[in-house]
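# Observations on chain architecture
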Amino acid sequence: MLKVIKDYGSIILIGVCILIGYILLTDGFAVLSSFLFPSIFDVLKLIPEYINQLFAGLKSSLYLLVTAYVLALVCAIALGTLIGLKSGLRKNATPYINAFSAIPVPLLTPYAINLFPTFKAASIFLIWLAAFWVILGTTIGAVMSIDKRYLENAATLEMPRLEKLFRVILPAASPAILVGCSVALTLSFMMLAVAEMFGASSGMAYFVQYYSDFARFDLVMLGFLFTAAVLVFIMYIFDKIKHRILHWTINN
Amino acid sequence: MLEVSMNNLQFSYDKELVLDGVNYKARAGKFVCILGLSGCGKSTLLRLIGGLEKSNPEQLLVDGKPVYGPSLDRAMVFQDYGLFPWMTAGENICIALKQKYKTWDKHQRKEVALKWVNNLGLDEELYDKLPLNLSGGQRQRFATARAFALDAPLLLMDEPFGALDAVTSALLQDTVLELWQKEKENRKTIFFVTHSVDEALLLATDILVLGQAPSKIIYTHSFTEETKPRRETLYTDPAVLDLRNRLTKIINDEIAEKAYRLHEQKMNITDSENNKSVKKHIA
């Protein structure tokens, strides 16, 4: 317990300050409209009644998010490594990568709905695409900028290609790749919200959208808080994994 | 224990000639130290032997065969980046052993790695540490341990102790020399690039001095077992002192010539700029 307070005391304190600020602006001095910004105490009272619905939404959202993100991770790292290592391929592919990655993914929603047989497949595609471009770009850059001396060191050991890839190239590129993965995760969350706004019957963003249509801003607020808590938890897990992978760097 | 032959060896980086006709034959088991100014091509020569740069197959032969790329028969120790920072120091040795001895299991690799950790005077506790948590001297010891553990007949060392303090550097020089001498008739052939005349005098059986780029060998000296300097006699033996003075003078003359050449180039550029400005003024 003491360790938790020591490690996360400042973070908890900032959270408490934000909460107190919100209470003062709503219940305390009524600066904010109570219709759009309901009392936090009223929102908390709703938890027992809606907890099952929130968790059902979480399950549905996580299914879309995890499937799309993992697929994007695998595809983008594999392709990015290949393009990063082959200068000829990089030269030819870069203009197309730049062109396609510049298209805002939400604009592709009609195409996704039209091309994919189910809402889930279309949603996964959109989230996948949002994460894919970011991870692809950072992986290409990371692999390209690996210090030549690491590769030469591997060459003098006559390391087989596959071993060189997993023991030298990917670890050397991992700091930059993980930065891209982190950005891609946040983007995936944002894209999840977009994806759940059409055709979904459950999900975290769907919950917010659904009750917003009925002007139930107390439930909208509950949805926001729940989504934020999930996002914080997922980012925490991601950071733990990142620190584990990058344990050899100075900042870890 | 490999013989290295350079026959009119030439090499260019982007059309700029770096080595221009290097002729030298190192017999197997020799400890060859290469001296020269910065940028004269010492490291390039080592990289060519190591197969990290492509040479003309007829101009460079190792054990009578052309060099087509890196090989486990030619272990390298770099000044830095010798170890992969994401692996522990021990893993760095083991991964090299894995490439050389493919049938060995994990335990065999660790056993041999630990033997070389001890041979290099390192504490076994450091085996599981990351390079980040080791001192510069410890890192270079691990890199040297890896090279010796590979038991490559040709060892290429590119200023391996250049970034270390004098005491650590001296200790490592003694260790390398001892390990090399211990192998007697199976001694490795070592090519060692250094800036330090004293280091070359202490370690080498053969000293090469490279001239300015595009360089060739401008001076060679070979020691016999009897005349080879030892640390105790390095600063007292008149013959060694005389050789040190000679080597230092050769290098200083090269520095003076380089400075003169640079000055001339600068003057030529200034003259040509002045001429341009005069012409412009007249026009």
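In this convention, every chain numbers its residues from 1, walking through the sequence in written order. Going through the entries in the order they are written, you letter the chains from A and number the ligands from 1. Restriction of local features to residues with pLDDT of at least 70 applies here, the model being predicted, together with a cutoff of 80 or more for giving and counting side-chain atom pairs; totals for whole chains, interfaces and linings are based on all residues.

## What to know about the overall build of chain A
A tally of regular secondary structure across chain A gives 10 helices and 0 strands. Helix and strand definitions follow DSSP, with helices as H or I runs of at least four residues and strands as E runs of at least two, each counted in order from the N terminus. Along chain A, helices and strands appear, N-terminal first, in the series α-α-α-α-α-α-α-α-α-α. Projected onto its principal axes, the C-alpha positions of chain A cover 70 × 55 × 30 Å. Each of the 252 residues in chain A was classed as buried or not, and the buried ones make up 32%. Distance between backbone-placed C-beta atoms decides contact: two residues are in contact if it is within 7 Å. In chain A, once contacts between residues fewer than 6 apart in sequence are set aside, the share between residues at least 24 apart is 73%. Buried, partly exposed and exposed are defined by the number of other C-beta atoms within 10 Å of a residue's own C-beta, namely 20 or more, between the two limits, and 12 or fewer respectively, with C-beta atoms placed from the backbone.

## A few points about the interface of chain B and chain A
Tallying the contact residues gives 17 residues for chain B and 15 residues for chain A. Note on residue classes: Ala, Val, Leu, Ile, Met, Phe, Trp, Tyr, Cys and Pro are nonpolar, Asp, Glu, Lys and Arg are charged, and everything else, Gly too, is polar. Partitioning the side of chain B that touches chain A into residue classes produces 13 nonpolar, 4 polar and no charged.

## So, the domain arrangement of chain B
Residues and elements named next belong to chain B. What fixes the domain bounds is an automatic or database domain assignment. When its domains are assigned, chain B resolves into domain 1 (4-73 + 154-282) and domain 2 (86-151). Inter-centroid distance (C-alpha atoms) of domain 1 to domain 2 is 28 Å. Of the residues lining the interface, 11 residues belong to domain 1; the matching set on domain 2 comes to 13 residues. Taken together, the residues of the side of domain 1 that touches domain 2 break down into 9 nonpolar, 2 polar and no charged.

## Digging into helix H7 (residues 148-156) of chain A
By the burial criterion, the buried members of H7(A) are A:Tyr150, A:Asn153, A:Ala154 and A:Thr156. In a view along the axis of H7(A), the buried residues occupy a sector of 160 degrees, so they form one face of it. Lining the buried residues of H7(A) we find helix H8 (161-195) of chain A together with helix H1 (42-50) and strand S6 (74-77) of chain B. Positive phi appears at A:Glu158, one or two residues downstream of H7(A), with a value of about 50 degrees. The arc under discussion is defined with respect to the helix axis, by the directions toward the C-beta atoms.

## Focus on the environment of B:Val240
Here B:Val240 lies in helix H7 (residues 238-282). Excluding its chain neighbours within four sequence positions, the residues that come into contact with B:Val240 are B:Leu201, B:Pro229, B:Thr233 and B:Leu234.

## Brief notes about the domain arrangement of chain A
How big an interface is tends to be reported as the loss of accessible area on association of its parts. Examined at the domain level, chain A breaks down into domain 1 (1-32) and domain 2 (38-245). Computed over C-alpha atoms, the centres of domain 1 of chain A and domain 2 of chain A are 29 Å apart.

## Things to note about the packing of H7(A) against H8(A)
Residue and element names in this part refer to chain A. Where H7 contacts H8, the axes come no closer than 10 Å and their chain directions differ by 170 degrees. Taken together, the axes of H7 and H8 lie roughly antiparallel to each other. H7 and H8 meet at a crossing whose hand is right-handed. Here Tyr150, Leu151 and Ala154 of H7 come into contact with H8, specifically with Lys164, Val168 and Ala172. Of the residues that constitute the contact of H7 with H8, the class distribution is 5 nonpolar, no polar and 1 charged. In this analysis, axes come from line fits to C-alpha atoms, helices being fitted only over the stretch in contact, and the angle between any two N-to-C directions falls in the range 0 to 180 degrees. An angle counts as roughly parallel when it lies under 35 degrees, as roughly antiparallel when it exceeds 145, as roughly perpendicular when it falls between 65 and 115, and as oblique in every other case. Less than a right angle of anticlockwise turn of the near helix away from the far helix marks a crossing as left-handed, whereas a clockwise turn marks it as right-handed.

## Quick look at unusual backbone geometry
The backbone of A:Glu158 shows a phi angle near 50 degrees, a positive value even though the residue is not glycine. Owing to 16 C-beta atoms within 10 Å, A:Glu158 belongs among the partly exposed residues under this scheme. Positive phi, close to 55 degrees, is recorded for B:Asn8, a residue that is not glycine. Topologically, B:Asn8 is positioned in strand S1 (residues 4-13). The exposure class of B:Asn8 is partly exposed, given the 13 C-beta atoms found within 10 Å.

## Let's talk about the environment of B:Ser71
Residues and elements named next belong to chain B. Topologically, serine 71 is positioned in the loop between strand S5 (65-66) and S6. For serine 71, a count of 18 C-beta atoms within 10 Å corresponds to the partly exposed category. With 29 residues separating them in the primary sequence, serine 71 and lysine 100 have C-alpha atoms 10.0 Å apart.

## Quick word on the sheet that holds strand S7 (residues 154-158) of chain B
Residue and element names in this part refer to chain B. With respect to topology, 6 strands assemble into an open sheet ordered S6-S7-S8-S3-S9-S10, the strand pairing being mixed. At either end of the open sheet lies a strand with only one pairing partner, and these are S6 and strand S10 (217-222). Averaged over neighbouring strand pairs, the angle between their axes works out to 15 degrees when direction is ignored. Paired strands are those between which DSSP finds at least two bridges. Both strand S9 (residues 206-210) and S10 contribute to a ladder of 5 bridges, which runs antiparallel. Residue leucine 210 lies in a different strand from S10, and its bridge partner there is isoleucine 217.

## A look at the sheet that holds S1(B)
All names here are of chain B. Taken together, 4 strands build an open sheet; the order of strands is S2-S1-S4-S5 and the sheet is antiparallel. Two strands in the sheet have a free side with no partner beyond their single neighbour: strand S2 (16-26) and S5. Pairing between S1 and S2: 8 bridges, direction antiparallel. Considered in S2, the bridge of phenylalanine 11 is made with leucine 19. Where H1 meets the sheet, its contacts fall on S1, S2 and strand S4 (60-62), and the angle it forms with S2 comes to roughly 65 degrees.

## A closer look at the packing of helix H2 (residues 89-100) of chain B against helix H4 (residues 136-149) of chain B
Residues and elements named next belong to chain B. Packing of H2 against H4 brings their axes to within 9 Å, and their N-to-C directions diverge by 20 degrees. By the criterion of interaxial angle, the relationship of H2 to H4 is roughly parallel. Remark: the crossing between H2 and H4 carries right-handed chirality. For the pair H2 and H4, contact is made by Ala89, Asn92, Ile93, Ala96 and Leu97 and by Phe142, Ala145, Arg146 and Ala149, respectively. Residue composition of the contact of H2 with H4, by class: 7 nonpolar, 1 polar and 1 charged.

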